[in-house]
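Take a look at the letters that make up each chain.
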Amino acid sequence: MGGKNSSRDSRISASPGAFSCSASPQAMSTAGILESLLQVEENFSSCLARIDSLILQPLLRAEPQDPKGKENFRLLALLNDRFQSLWNFTEENSRILRGKSGSGCIRDFHILWKGELFLSLYIQYFVTFANFVVVQGFEQAAKSEAWKLPKAALKEFLRDLPSEKSLGLALLSVLQEPFRDHVRSHLRLLARLRELLEEESERDVVATVEQEFGKLESFISQVLDEAALTKELWKSLGSKFTDVLCVPERRLLEDSRSLPVAAGAARSERLLLFDDVLVLIQGNSFQSFDLKLVWVDENCGEKSAPGSHSLRITTPEETFVLSAKDPRIKAVWRWKLEQAVRQALNGKRDFPLWGRSGEGSEAPARRFFSYVFRAEGRLRGATYEGEWLRGKPHGKGTLKWRDGRNHVGDFREGLEHGFGIRLVPRRSEDRYDCYKCHWYRGKMRGYGICEYGNDLVYKGYFEDDVRQGFGILENFSAQHPFKYTGHWEKDKKNGYGIWEDKERGERYIGMWLDDHRHGEGIVVTQSGLCYQRTFHADKMGSGILLLEDDSVYEGNFTEDLTIIGKGKISLADGSVLEGTLSSCSGRDIQLGVKEFPVEKRWPGIFQQFLEFIRSGCKEEMEESFTGFHVQSSKELRRSQEYLFCQRGAEEISWRSEEWPEEPRGYLEKALGCSLHPLGKLLRALSAAFQAAYSGVGANRHLLAMAQDEVKFYAGKIWEFYRALPRRPPEEDPSIQQGSSLVLPLILPCFYPELSMLYMLQHQREDNLYCQGIAELSLFPDILLLEFLEVQKHLWPLKDLTLTSNQRRSLIKDKCFLSATECLQKLIATVDPGEKLEILRRTCAELERTACRALGRDYKLSMDDLLPLLIFVVARAKIQHLGAEIHLIRDLMDPSNQGGMLDFLLTALESCYEHIQKIRLHLKEKSHSC
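Visitor: For the overall build of the chain, give the residues involved together with the corresponding values.
Guide: Along its length, the chain carries 26 helices and 26 strands. For the chain, with 929 residues in total, the buried portion stands at 51%. For the chain, the proportion of contacts with a sequence separation of at least 24, taken over those separated by at least 6, is 53%. By element, 50% of the accessible surface of the chain is carried by carbon and sulfur atoms, the whole surface being about 44000 Å².

Here it is in structure tokens:
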């Protein structure tokens, strides 16, 4: 109230140097006004001195003992402080004016350059004065014992007042009339000064100050009228209402008895609008509504009585209708309600209270406030602090319940909606469950990370407050650590999932029902054993047990792998015990391919992404459906802040960033970007893949499952890519071609686990291959070429630079060095296409070296190429070459099948098989010798 206004400040607070000063007739006239101003100030100061000594000081010497009297005395003391400030200001002005006696300079008028301070002191005084009036302070003061002794002096001071006035009214008049007269005197002097001035700029400054003093006069009248009206209200209401509602600072703005309006049929007998609350009175009870959380609208679309004119009033817990029979009355109520709400939100009243400055402005629909819910329901007793929109939490806020629950996040139409963090205390424990997830209409829905108070952490999807869809649950306690990666339904493990028991060192891959292993399942142990069997509510039926020596047992066995009852064993050498089993050995068995079709393994991940695409890829849904790029709850919170709160100019989302205009470049960048939906999808799939095939899950019998998954992922990513908006156009490639484009881009995310499975699958062949390489590494180059029966005219003897004491037959690792170094790069990339290209360049280097040896162009035939390639493979010493060859064969682009690269891969495979047999060949040769 009476706060600063920047435009007013610049006009009122003009410095003295801004005005001219001369000895013109104008100056002679202004000097007279200056003398009048001094006289006004001195008379007012003298009056204040008498009021202080005869009235205020006697009152302040007798402090009441009752609570109500003490409260009134506190207001009187505050009024005295305001009085003293005004008095000190007046005395200072008088001293300044005495020093300017005879001057006619306009800059000597303190009411021009001290106008802002003048207004502020008067506003503070009359606001406090009005507070004292409201609580009937003057009537109480008139009854004070302090008035008995100075009664004669008081009568002398008040002799001009009519005798019929009570002492309380007399005191009220004495403490306001001199001040109002003082303001009127300044107004008259300012009007005279403005008429005398010739400079337009000087007249404008004086006119502005005069206008502000006029507003002050209006403000004083309005403040006193409101105080008198409010005082009469408290006198008329019963003590039951007054004791609760009466606050010194509260003002009555409108009363339905003065301006008839009804709040619904028989809803209320009386409606009172104060400057801070709206009160509905019915019988002996009332309801009050804080104006900061009151919204006023036209009553559109609602039935009302014929001939009535209504307004809809919205509050946090109630909505009701105000009806008036006269449109003028409705307009007045609406205007006063809107202005009262706006002023309550601003924390100050207008200046003047109902002047033109408030006309036409409406209270904002969005607000920030704290509120305690009282009505029955899920929010009873809860406190909400945050943003509101039309009576409901809307935006960012904090909700706290009495039982210790705490929710911080986004709200929409009164419900938790968007990202939020909720703390839920655990009963009889000094710990909390912390939910950091997405909410939809008051319930958890979408991606979230939940840190439970019992050392469990869940990262996955929710629906209707329960775990639903894909999710990862991990127990970090030392007693029984485990990890479940899979599907959930109504808060229970259901569908395809992977359970890793870290204490037992085993992993279960298979189907679940109501938190139990149920259906087909594969168990892999840390010792390397693997079995597949049918489960029923965690109870195991018959199955297949694959032993380390590649023997296969089919029958019944316990969870600790003790064979019980009858069964069939197929040994690694092909013999069968107790009946006939399949003729295949354990090395040929690939588990889970038929039992768990690849398209049915992770529907929860793909379903979430599909919903995101169907929603039109809305940004607010992005983290809810594709949040798996984050690894912790802290990262989740940071990602939300990035998306919705703290995005700067240097941080650009995947939507607005410039992306390559061709599919491969776009996909490569998108899959590598943690903020792009495709990048998030890839990370979710990578987490599921690692859960199945890393660590304990690295078992060669799962290779076919892993192969199928990676190929299927490539197809799904291509499918989703084609459904994204703002993607580069492609010339109608087929899904198969598209997946071939995606596969090498995603392979690095799965390569460590996939490569390990290939190495385990081909471990025996690779061991034989390594033994052959070790034998061949003993040969010098010339002897090795001779042993491999390489045609002598292809020997690169010119490349062998010898010193005088060297023998050519002892040189090693010099021949075909460029081809050898090229082939060694095979393990430096994960892309099957790039591996094939390395093989092609290796063969090209062999041919180039052969041409150099012959001194002419020469095309190597298959008979020439194979022994040369064996030589290079022997010198390259690539570990796990068999795993590399089969990985390339299984994952290469189908368009390369039957072509030159396929031919070269077949040649490399022949070299690999030949080297495995070399050791046996060498043994046979040594025996024959």
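Visitor: Residue-level account of the pairing of strand 16 (residues 456-463), with values.
Guide: Here strand 16 lies mainly inside the structure; six of its eight residues are buried. Where strand 15 (residues 443-451) lies against strand 16, six bridges are found, and the strand directions are antiparallel. Residue I449 lies in a different strand from strand 16, and its bridge partner there is K459. Hairpin connection of strand 15 to strand 16: four residues between the antiparallel strands, including D455 at a positive phi of 75°. In terms of strand pairing, strand 16 meets strand 17 (residues 466-475) through seven bridges, oriented antiparallel. Across the sheet, the residue bridging to K459 is I472, located in strand 17. Turn length for the strand 16-strand 17 hairpin, with the two strands adjacent in sequence and antiparallel, is two residues, and the turn residue D464 shows positive phi of about 55°.

Visitor: Mind laying out a nonpolar patch on the surface, listing which residues take part and the relevant values?
Guide: A cluster of nonpolar side chains, contributed by M862, M900 and F903, occupies part of the molecular surface with about 280 Å² of accessible area. Within the secondary structure layout, M862 lies in helix 24 (residues 862-876). Judged by its relative accessible area of 32%, M862 is partly exposed.

Visitor: Explain the environment of K215 residue by residue, including any values.
Guide: Topologically, K215 is positioned in helix 10 (residues 200-236). For K215, a relative accessible area of 26% translates into the label partly exposed. Remark: the alpha-carbon pair of K215 and F351, spanning 136 residues in sequence, is separated by 7.1 Å. With near-sequence residues (within four places) excluded, K215 lies in contact with F351 and P352.

Visitor: Pulling in residues and values, what's your account of the sheet that holds strand 3 (residues 270-274)?
Guide: Reading across from one edge, 1-3-4-5 is the order of the four strands in this open sheet, with antiparallel pairing throughout. Of all strands in the sheet, those bounded by a partner on one side alone are strand 1 (252-255) and strand 5 (285-290). Sheet twist, expressed as the mean angle between neighbouring strand axes with direction ignored, is 20°. Here strand 4 (residues 277-282) runs beside strand 5; their pairing, made up of six bridges, is antiparallel. Bridging across to strand 5, Q282 finds its partner in S285. Running over the sheet, helix 10 touches strand 1 and strand 3 and is turned about 60° from strand 1. Contacting strand 1, strand 3 and strand 4, helix 12 (residues 327-346) runs over the sheet at an angle of about 40° to strand 3.

Visitor: Provide a residue-level description of the environment of S185, including the pertinent values.
Guide: Take S185: it is sitting in helix 9 (residues 177-196). C-alpha of S185 to C-alpha of S36: the two residues are 149 residues apart in sequence and 9.5 Å apart in space.

Visitor: Give me the side chain of T242: which residues, what numbers.
Guide: Relative to the assigned elements, T242 resides in helix 11 (residues 239-245). Ignoring any residue separated from it by four or fewer positions in sequence, one finds T242 in contact with W234 and L237.

Visitor: Go over the sheet that holds strand 6 (residues 295-298), please, and point to the residues and values.
Guide: Across a sheet, paired strands are connected by hydrogen bonds in the backbone, their directions being either parallel or antiparallel. Pairing is antiparallel in the open sheet, where four strands are placed in the order 2-8-7-6. Whereas interior strands pair on both sides, the edge strands pair on one side only; in this sheet they are strand 2 (262-263) and strand 6. Bridge count between strand 2 and strand 8 (residues 319-324): two bridges; the pairing is antiparallel. When the bridges of strand 8 are listed, A263 appears paired with L322. With respect to the sheet, helix 12 is in contact with strand 6, strand 7 (309-314) and strand 8, its orientation differing from that of strand 7 by roughly 20°.

Visitor: Go over the packing of aromatic side chains, please, and point to the residues and values.
Guide: Taken as a whole and assessed by the stated rule, the structure comprises 50 aromatic pairs. Judged by centre distance (5.5 Å) and plane angle (85°), the rings of F44 and F179 are edge-to-face. Pair noted here: F44 is in helix 2 (residues 25-60) and F179 is in helix 9, with a separation of 135 residues, a long-range link. By relative accessible area, which is 0% here, F179 ends up buried. In this structure, R250 is placed above the aromatic ring of F274, and the distance from its NZ or CZ to the ring centre is 5.9 Å. Directly above the ring of Y484 sits K493, whose terminal nitrogen or CZ lies 5.6 Å from the centroid.

Rules and cut-offs
Residues numbered from 1 in each chain as written. Predicted model: local features only at pLDDT ≥ 70, side-chain atom pairs only at ≥ 80, totals over all residues. Heavy atoms only, no water. Helix = DSSP H or I, 4+ residues; strand = E, 2+ residues; numbered from the N terminus. Buried < 20%, exposed > 50% of the residue type's maximum accessible area, 1.4 Å probe, protein only. Contact = heavy atoms within 4.5 Å. Areas by Shrake-Rupley, 256 points an atom, 1.4 Å probe, with all protein chains shown as cover. Pairing = 2+ DSSP bridges. Patch = residues over 30% accessible without salt bridge, like charges linked within 9 Å, V, L, I, M, F, W, Y side chains within 5 Å. Salt bridge = Lys/Arg side-chain N within 4 Å of Asp/Glu carboxyl O. Axes fitted to C-alpha atoms, helices over the stretch in contact; angles between N-to-C directions. Phe/Tyr/Trp six-rings, centres within 6.5 Å; stacked < 30°, edge-to-face > 60°. Lys NZ or Arg CZ within 6 Å of the ring centre and 35° of its normal.

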